[in-house]
Amino acid sequence: RMDLGSNQDIIEHFVNDRCSEFTMTIGLNTLREIFKKMPSIVTEEMMLYLCTYYEYRNKNVSRAAKSVINLVRSYNPMLLERKYRGNDKKSTDYK
């Protein structure tokens, strides 16, 4: 069973600027798969950090970050900053 500390270890060791882009991509994809199985362990603080890779200079890293953001957006958009939440189609009025 994974806990919050395990995710923090993955972030500290695999998703930071000291790692290679390949390692960062693997780390983000691993976190996405963990979050998919256990969405309750995602924290707002964790997502604030992971969202910083949304516009990363390497295409693979930014794609992996976007996939994590899209996953979290699908089940709990309130964990994301407003600009990453997307359009709320339910509250949009069409005139």
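Keep in mind that what you see is a predicted model, and the values were worked out from it rather than measured. (Residues numbered from 1 in each chain as written. Predicted model: local features only at pLDDT ≥ 70, side-chain atom pairs only at ≥ 80, totals over all residues. Heavy atoms only, no water.)

Draft legend 1. Quick peek at the pattern of salt bridges. Under the counting rule described, the total for this entry stands at 3 salt bridges. In this structure, Arg57 and Glu21 form a salt bridge, with 3.9 Å as the shortest nitrogen-oxygen distance. Pair noted here: Arg57 is in the loop between α3 (44-50) and α4 (59-75) and Glu21 is in helix α2 (residues 21-37), with a separation of 36 residues, a long-range link. For Arg57, a relative accessible area of 69% translates into the label exposed. (Salt bridge = Lys/Arg side-chain N within 4 Å of Asp/Glu carboxyl O. Helix = DSSP H or I, 4+ residues; strand = E, 2+ residues; numbered from the N terminus. Buried < 20%, exposed > 50% of the residue type's maximum accessible area, 1.4 Å probe, protein only.)

Draft legend 2. Structural context of α2. The end-to-end C-alpha separation of α2 is 25 Å, in line with the 24 Å expected for 17 residues at 1.5 Å each. Every buried residue of α2 is accounted for by Met24, Thr25, Gly27, Leu28, Leu31, Ile34 and Phe35. (Expected span 1.5 Å × (residues − 1).)

Draft legend 3. The arrangement of the packing of aromatic side chains in detail. What the rule picks out here adds up to 3 aromatic pairs. Note on Tyr49 and Tyr53: the rings are 5.6 Å apart at their centroids and 80° apart in plane angle, and the pair reads as edge-to-face. Judged by centre distance (5.6 Å) and plane angle (50°), the rings of Tyr53 and Tyr56 are tilted. On the basis of relative accessibility, which here comes to 3%, the residue Tyr53 falls in the buried class. In this structure Tyr56 comes out as buried when scored by relative accessible area, which is 12%. Each residue in the set Tyr49, Tyr53 and Tyr56 is aromatic and connected to the rest through ring pairs, giving one cluster. (Phe/Tyr/Trp six-rings, centres within 6.5 Å; stacked < 30°, edge-to-face > 60°.)

Draft legend 4. Inspection of the nonpolar core at higher detail. If you look at the biggest cluster of nonpolar residues, it comprises 27 residues, and the most contacted ones within it are Leu28, Leu31, Phe35, Met47, Leu50, Tyr53 and Leu80. Residues contacting Phe35, with those up to four places away along its chain left out, are Asn7, Ile41, Val42, Met46, Met47, Leu50, Val68, Leu71 and Tyr75. (Core = buried A, V, L, I, M, F, W, Y, C linked by side-chain atoms within 4.5 Å. Contact = heavy atoms within 4.5 Å.)

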